[in-house]
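Letter by letter, the chains look like this.
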Amino acid sequence: MANKLIDLGIRPLRGYISLEKKMQHVQKELDHLRHQWDNMIARVQGAQSHLRKKRKRAVEEWLKAVDEIKIEFGSLKEQAQQASFYSIYARLKMVQHADKMIKEVTELGASLEEILPDGLLVETEWQGQKIETNLKEIWAWLMNDGISSVGIYGMAGVGKTTLAKRIYEDFVIGTKFSDKVYWVTASQEGTIHKLQDSVAIAINVDLSNEEDERKRAAKLFLALSRMEDFVIILDDVWIPFDINKIGIPLGLDGSKLIVTSRSLEVCHQVGCQKEIKVKPLCEKEAWTLFLEKLRPSLELPLHVKEIAKSMVQRCGGLPLGIITLAGNMKGVDDIHEWREALEELEGSFLGQNDNLFDSLHLSFNHLRDSRLKECFLYCSFYPENYKIPRDELIRLLILEGFMDKRRSRLSLFDQGHVMLKRLESICLLESHTEVNVSNYRETECVKMHCLIRDMALTIMDFDSKYMVKSGRCLKHIPDEIEWKEDLEKVSLLHNNISLIPSGTSPNCPKLSSLNLASNPLRLIPDSFFFRLRALRVLNLSRNCELEMLPNSISQLGNLTALLLFDCCRLSFVPPIGKLKALRELDLCHTAINNVPEGMERLVNLNCLNMDSTGLRMIPDGTIYRLSHLQSLRIPEDVEVRVEELKALKHLEEFQGGFYDIDTLCHFVRYHQSYEAPIFYTIEVRPSLSQLRFLSPGPCQITNKKVTLRGMELEGKNAIVLPEDIQQLAIIKCHGLGTCLTSAFSLFNIQKSGLTGCLIDNCPELECIMKVSSSDDQLVGKRMLSPWAPLESIEHLSLHFLPNFVGLFKWEIEFDRPPCRIFCHLKSISISRCNTMTTIFTPWLLQHLQNLEVVEVLSCDRLEEIIADKEGGNMVFSPSDDDQHSFITYINFPRLKKLTLQHLPKLRSICEGTIICDSIENIRLMGCKNLAWMPLSFSSIGGQPNPPPALTAVEILKEELEWWKLLQWKDPGLGNVIQPFVQFVAEFPVV
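So, how was this worked out
- Residues numbered from 1 in each chain as written.
- Predicted model: local features only at pLDDT ≥ 70, side-chain atom pairs only at ≥ 80, totals over all residues.
- Heavy atoms only, no water.
- 1 Å grid on protein atoms, 1.4 Å probe; cavity = no way out; pocket = protein on both sides within 12 Å on 5 of 7 lines; lining within 4 Å.
- Points joined across faces, edges and corners; volume = space filled by probe spheres on them.
- Helix = DSSP H or I, 4+ residues; strand = E, 2+ residues; numbered from the N terminus.
- pLDDT = per-residue confidence, 0-100.
- Contact = heavy atoms within 4.5 Å.
- Salt bridge = Lys/Arg side-chain N within 4 Å of Asp/Glu carboxyl O.
- Buried < 20%, exposed > 50% of the residue type's maximum accessible area, 1.4 Å probe, protein only.
- Pairing = 2+ DSSP bridges.
- Axes fitted to C-alpha atoms, helices over the stretch in contact; angles between N-to-C directions.
- Parallel < 35°, antiparallel > 145°, perpendicular 65-115°, else oblique.
- Left-handed = near helix turned anticlockwise from the far one by under 90°.
- Nonpolar A, V, L, I, M, F, W, Y, C, P; charged D, E, K, R; others polar.

### A look at the layout of surface pockets
In this structure, the second largest pocket spans a volume of roughly 870 Å³. Around the second largest pocket, the lining comprises 34 residues; the ones closest to its centre are Pro 280, Gly 316, Glu 430, Lys 447 and His 449. Contributing elements (two or more residues each) for the lining of the second largest pocket: α10 (283-294), α11 (302-313), α17 (409-425) and β9 (430-435).

### A closer look at the confidence of the model for the protein
Mean pLDDT over the protein stands at 82; residues scoring 70 or higher make up 82%. Low confidence marks residues 45-55, where pLDDT is under 50. Its contacts with residues over four positions away, or in another chain, come to 32 contacts. In this model, residues 116-125 is a region of pLDDT below 50 whose contacts with residues beyond four sequence positions or in other chains number 28 contacts.

### Looking at the pattern of salt bridges
Throughout the structure, instances matching the rule amount to 32 salt bridges. Here Arg 216 and Asp 197 are joined by a salt bridge, their closest N and O atoms 2.5 Å apart. Here the residue Arg 216 occupies a position in helix α7 (residues 213-225), and Asp 197 occupies one in helix α6 (residues 192-203), the gap between them amounting to 19 residues. Among the residues examined, Arg 216 registers a relative accessible area of 1% and is labelled buried. The exposure class assigned to Asp 197 is partly exposed, which follows from its relative accessible area of 29%. Where Arg 409 meets Glu 653, a salt bridge forms, and the shortest distance between an N and an O atom there is 3.5 Å. Of the two residues, Arg 409 sits in helix α17 while Glu 653 sits in strand β19 (residues 653-658), which places them 244 residues apart along the sequence. Connected via shared salt-bridge partners are Arg 314, Glu 384 and Asp 454.

### Brief notes about the sheet that holds strand β7 (residues 274-277)
Strand order in the open sheet formed by 5 strands is β4-β5-β6-β3-β7, with parallel pairing between adjacent strands. Looking at which strands have only one partner, the edges of the open sheet turn out to be β4 (181-185) and β7. Averaged over all pairs of adjacent strands, the angle between strand axes in this sheet comes to 15°, irrespective of strand direction. Examined bridge by bridge, strand β5 (residues 230-237) and strand β6 (residues 255-261) share 6 bridges and lie parallel to one another. The residue bridging Ile 232 from the neighbouring strand is Leu 257, located in β6.

### Details of the packing of α10 against α11
In the contact formed by α10 and α11, the axes pass within 10 Å of each other and the chain directions differ by 115°. Regarding the angle of α10 to α11, the classification is roughly perpendicular. The chirality of how α10 crosses α11 is right-handed. Residues Glu 283, Ala 286, Trp 287 and Phe 290 of α10 lie in contact with α11, whose contacting residues are Lys 305, Ala 308, Lys 309, Val 312 and Gln 313. Residues belonging to the contact of α10 with α11 are distributed by class as follows: 5 nonpolar, 1 polar and 3 charged.

As C-alpha cells, then:
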C-alpha cells in the first residue's frame with residue numbers, strides 16, 4: 001500500500017519534470033514532418049508549374065493538417081513558457097497535450113506514403129475548352145437542388161473517369177460534402193450484390209453477415225439517409241440497375257449521384273436527370289497532351305514533328321490512345337525509328353497495344369445481340385473517318401440480312417435506325433450531320449472513330465470470312481491467293497481499282513457480299529463471277545467509268561441485290577430474268593435507255609430504282625407483274641399508269657410523274673382510299689422534257705411531295721392534292737393568282753402539315769398572304785383557313801417572281817396581327833423578286849425563333865431586310881403601332897447561315913441589333929450600299945468574341961475596300977471576325 005501511495009505521488013512529479021523533454025520530442029517529430037512537408041511542397045509546386053498538374057485532394061488535406069499542427073504546437077510552446085513553475089495542474093495538462101501531439105505527428109508522418117498511392121498529383125493535361133465546358137456544366141447541375149443525378153458517358157479511353165475525378169476533387173474541398181464524398185468503382189458483372197458490397201465498403205457499413213439483397217439495401221439506405229449531405233460517384237457502370245435495389249436514396253435532400261458509363265442507355269436507365277457526353281480531344285489539345293506525356297528533352301525536330309503529328313492524328317483525339325502512343329515513343333530520337341513506328345501504325349495501332357485493344361474490345365463484348373455485333377463490324381467496311389449516310393447504311397444492313405423479317409419496308413428502316421442508335425448510345429458509333437454548303441441540305445450520317453474501327457478490323461483479322469481493304473488507294477484488285485475459300489464478305493470500297501485482269505476468277509464458294517463501290521472500274525471480265533455463285537449482295541455503285549456488265553452476272557441465281565447507283569456511263573445490263581431471288585435493283589443515275597431484258601420476271605423484287613436514267617418508257621404490264629414492290633422510283637418524265645400502281649398492294653414509296661392534273665387526281669383518290677403509298681414524290685408536267693433533275697441518291701423516301709411544272713392553272717375549279725402533302729413546288733405555272741393562300745383553297749390545302757413550299761417563275765404572284773376584308777380576319781381565330789398551312793411551313797423558297805411585292809399585303813386595319821404565322825420556319829430563300837423592297841416586318845420577328853437559313857439574292861429593288869416599322873398597307877391601332885414601330889434587339893437563336901448577294905440597293909439589314917450566336921456562315925457580296933452590320937455576338941469579359949460555330953465570312957475580292965469601311969455594332973467586332981474572312985473571286989452559285 002505504501003509503495004502505491006509513493007508511486008501516485010511520484011507520477012505527477014515525473015510528468016511535471018518531463019514537460020521539457022516532451023516538448024523537445026514534439027519539436028523533433030515536427031522537424032521531421034517539416035522536412036517531409038518541404039519536400040512535398042517542392043514536388044507539388046514543381047510538377048504544377050512544369051507538368052500542368054494539380055494537387056490531389058488528399059495532398060491538400062495532409063498539408064492543411066501539417067499547418068494546423070504547427071500552429072497548435074506554437075500555441076502549446078507559448079503556454080509552456082508562460083506557465084508558473086508551481087502550476088502543477090497546468091503543466092500536467094500540457095504534458096498530456098504533448099503526448100497527444102506526439103501521437104498525431106507520428107501518425108501524420110506515417111500516413112504520407114498511404115496518400116493516393118498512384119501519386120501526389122491529379123493530371124490536368126486535358127484542360128482544354130471542351131473539358132472546362134463540361135466541368136462548368138456538370139458543376140452547375142450539381143449545385144442545383146432540383147438535380148440529384150448526373151450521367152457522364154463516352155467511348156472507352158475518352159476521359160470519363162478523369163472528368164469524374166476532377167469533380168471528386170472539387171467536391172471534397174470547400175463544400176458541405178467534403179467528408180462524405182464516396183468513390184465506387186463498379187465491376188463489369190455489375191450485380192446488385194457486388195455493387196452493394198462496393199458501396200458498403202465506401203461508406204463503412206458492414207454487410208458481411210447479410211445475404212438478403214433487400215435487407216442489405218435497407219441497411220445502406222438507412223446509413224445514407226442519416227447523412228445530411230453526401231455524394232456517390234459510381235465509376236464505369238456497364239449494366240443498368242434499379243438504384244433503389246442498391247439502397248441509394250436518390251432524390252434525398254442533399255444527395256448527389258454521379259454515374260460514368262460507356263452507354264447513354266445505362267445513364268438513362270439508372271435514372272440520371274442530366275447526361276453529358278465526353279468527346280475526343282481536338283487536334284490542338286491532342287498534340288499538347290502527346291507532348292506532355294512524351295516529355296522530350298529538346299523540341300522535336302521539324303521532320304520528326306510532322307511524323308509525330310501524323311501518329312497523333314491516328315489516335316483520333318482519344319486520350320488513352322495518345323498516352324499509350326507517347327509512352328511507346330518516349331526517349332526515341334532516331335528518325336528511322338519514328339518512320340518505322342508510323343509505318344506500323346498505318347497497319348493497326350491496336351495490334352501493338354494489347355491493353356488499349358482490351359479496353360475498347362470490352363464494349364464490343366458487351367453487345368449481347370449477335371446482329372448488333374454484325375452491324376458494328378459492317379460499319380468498318382467503310383474507309384477510316386468516312387461519314388456514312390444513315391439511310392444508305394440501313395439499306396445495306398437490310399440487304400445483308402441483319403434485320404428481323406418484317407412485312408413493311410418502313411418497319412425495317414425503323415429497326416435499322418434503332419440498331420444504329422443503340423451503337424451510338426454505347427459510343428461505338430458517332431452521330432454526324434453532313435451539310436451540303438450549296439443548298440444547306442442536311443444528311444444524317446454515322447461515323448466510326450478510327451481506333452474503334454481499328455478494333456473492329458482486328459476482330460475480323462482473326463476470322464477468315466472477312467476481307468476489308470477499303471480506302472487504301474489500291475490500284476489493283478487483290479491477288480487471287482488472298483481470296484480464301486472461307487471468305488463470306490469482301491469490301492474494296494473507295495479505292496483506285498480501274499481494271500480486273502482478264503481471266504481473274506476468285507474461288508470463293510461462300511462469298512455472299514462483295515462491295516466494289518466507288519472505284520474507277522472500266523471493265524469486269526466474264527470470268528470474275530464464275531466461281532462466286534453464292535453471291536447475294538453485289539455493290540458496284542459509283543463506278544463512273546463502267547460502261548457494261550459481264551454476262552456472267554446473269555447466272556448469279558442467289559443474287560438478292562444488284563446495286564449500280566451512279567454508274568453514270570453504264571448503258572448495258574445483261575438479261576436478268578434468271579435472277580429470281582433478286583429483291584433490289586438500283587439503276588439510278590445510269591445511262592440505261594431500256595428496261596433490262598427479263599426484268600418483268602423478277603417476281604420477288606421489292607425495290608426498283610430507275611430514276612435519273614436515259615429511260616423514255618416502260619412497257620405496259622411490266623410494273624403490274626412486279627406485285628411485291630415496296631419501293632418504286634422512275635424518271636419523272638416517264639409516266640406509269642395509275643392502274644398498274646393499283647396492282648402494287650405492298651407499295652410504300654413511289655417516285656414518278658404524270659402528264660396531266662386529271663391523272664394526278666386519279667392517283668390522289670387511289671392514295672386516299674388505300675393509304676398507299678405511304679411516301680411519294682410526284683411531278684406533274686404536260687409533256688416529255690429534256691430537263692433532268694438529279695435524285696438525292698439511294699436514300700429512303702421519307703416525304704410526301706408534289707411538283708406542278710409548266711401547268712395551266714387558270715380556269716381550274718379544284719386541283720385535289722393529297723391531304724397529307726408535306727412539300728409543294730409550283731414551277732413555271734400560269735394562273736396561280738396574286739396570292740398563295742388563295743391558291744391553297746384551289747389546291748384543297750386547308751390543314752397545317754405542309755412543311756416545304758417552293759414557288760418559281762410564276763409571274764402573277766404578288767404575295768404569300770393578303771387580307772382585304774373583315775371576313776378575312778379568321779387569321780386570328782383557331783379554325784381552318786387558307787393560311788393555316790403557313791403555321792407548319794419550315795422551308796420557303798421564292799424565285800423569279802417579277803410582281804412579288806412582299807410576304808404579306810394588308811388592306812384593312814387589324815386589332816392584332818395574325819397568330820403563329822411562320823412559327824416553324826427554318827429557312828427562307830428569295831431570289832430575283834425585283835419589285836420587293838422589304839422582307840420582314842417587326843411583328844413577324846416574334847414568330848421566327850426557329851429560323852436557321854436566310855438567303856436573299858439578286859433582288860434589284862430590295863432596300864431593307866427587316867423594316868423599322870410596319871408601313872405598307874398594314875395598319876394597326878395606335879397602341880399596336882407604338883408597340884411594333886421599332887425593335888431595339890432582335891434575337892435569332894438558331895440562325896446558321898446568312899447570305900446577302902447582289903442586292904445593289906440594300907441599305908439596311910436592321911435598324912436595331914441582331915443577336916445570333918449560332919451563326920456558322922455569312923456571305924456578303926454585291927451589297928455596296930450597305931454601310932452598317934447590326935450583328936452582335938456574346939462577349940467574354942466585356943470583349944467581343946466570335947460565335948463558337950462560325951466557319952467563314954465570304955466576301956468578294958473586288959469589294960475589299962467596301963469591307964474595310966463597313967461599320968459594326970461593336971467597333972472591335974470587325975477585327976474579331978477578320979480571321980474568318982474568305983475572299984472569293986466571283987459570285988458563288990447558290
